[in-house]
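Architecture and fold: a report
Residue-level listing of the chains:
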Amino acid sequence: QVHLVESGGGLVQAGGSLKLSCAASGDIFRVNTMGWYRQAPGKQRELVAGITSGGTTNVADSVKGRFTISRDNAKNTVYLQMNSMKSEDTAVYYCNAQRGVAYTDYVINYWGQGTQVTVSS
């Protein structure tokens, strides 16, 4: 099991900034990719940004240039710095960790409890 604890959500005005953190613990030996997803009311959960243990990132076009994902492998923590925020960034943000299954190509997805981010216009 991998346990994910998120922090940093809240209310911010449009144009402002927030930083989310997600700390992983437990069976993290084979955790490679970590990232952030979000889900707005009435919409499907979508990828915001992901980062591998080697530092390769994948950022959604909708937030590219405004959001930055980073990772501290020593602390097993992933961060999402959100700048120039817009009302459409309002959503519940979920931390995700993918743990590989030994000797297979399978991965197991683990999720945090979610943190609300609200951008007021």
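Remember, predicted model here, so these are calculated numbers, not experimental data.

Points about the pattern of salt bridges
The final tally for this structure, using the stated rule, is 5 salt bridges. When the shortest N-O distance is used, the salt bridge between Arg-99 and Asp-27 registers 3.3 Å. One end of the pair, Arg-99, is in strand β9 (residues 91-100); the other, Asp-27, is in the loop between β3 (18-26) and β4 (31-39), and 72 residues separate them in sequence. Judged by relative accessible area, Arg-99 falls into the buried class, the value being 12%. A relative accessible area of 32% means that Asp-27 is categorised as partly exposed. Among the salt bridges present, the one from Lys-64 reaches Asp-61, with a minimum N-O distance of 3.2 Å. In this structure, Lys-64 and Asp-61 share a single accessibility class: exposed. Connected through shared salt-bridge partners, Arg-38, Glu-46, Arg-66 and Asp-89 make up one network.

A few points about the packing of aromatic side chains
Counted by the stated rule, this structure contains 1 aromatic pair. Here the aromatic rings of Tyr-37 and Trp-111 are separated by 5.0 Å at their centres, their planes lie at 70°, and the arrangement is edge-to-face. Here Trp-111 lies in strand β10 (residues 107-111) and Tyr-37 lies in strand β4, a separation of 74 residues in the sequence. Positioned above the aromatic ring of Tyr-94, the side-chain terminus of Arg-45 is 3.8 Å from the ring centre.

About the thresholds
Residues numbered from 1 in each chain as written. Predicted model: local features only at pLDDT ≥ 70, side-chain atom pairs only at ≥ 80, totals over all residues. Heavy atoms only, no water. Salt bridge = Lys/Arg side-chain N within 4 Å of Asp/Glu carboxyl O. Helix = DSSP H or I, 4+ residues; strand = E, 2+ residues; numbered from the N terminus. Buried < 20%, exposed > 50% of the residue type's maximum accessible area, 1.4 Å probe, protein only. Phe/Tyr/Trp six-rings, centres within 6.5 Å; stacked < 30°, edge-to-face > 60°. Lys NZ or Arg CZ within 6 Å of the ring centre and 35° of its normal.

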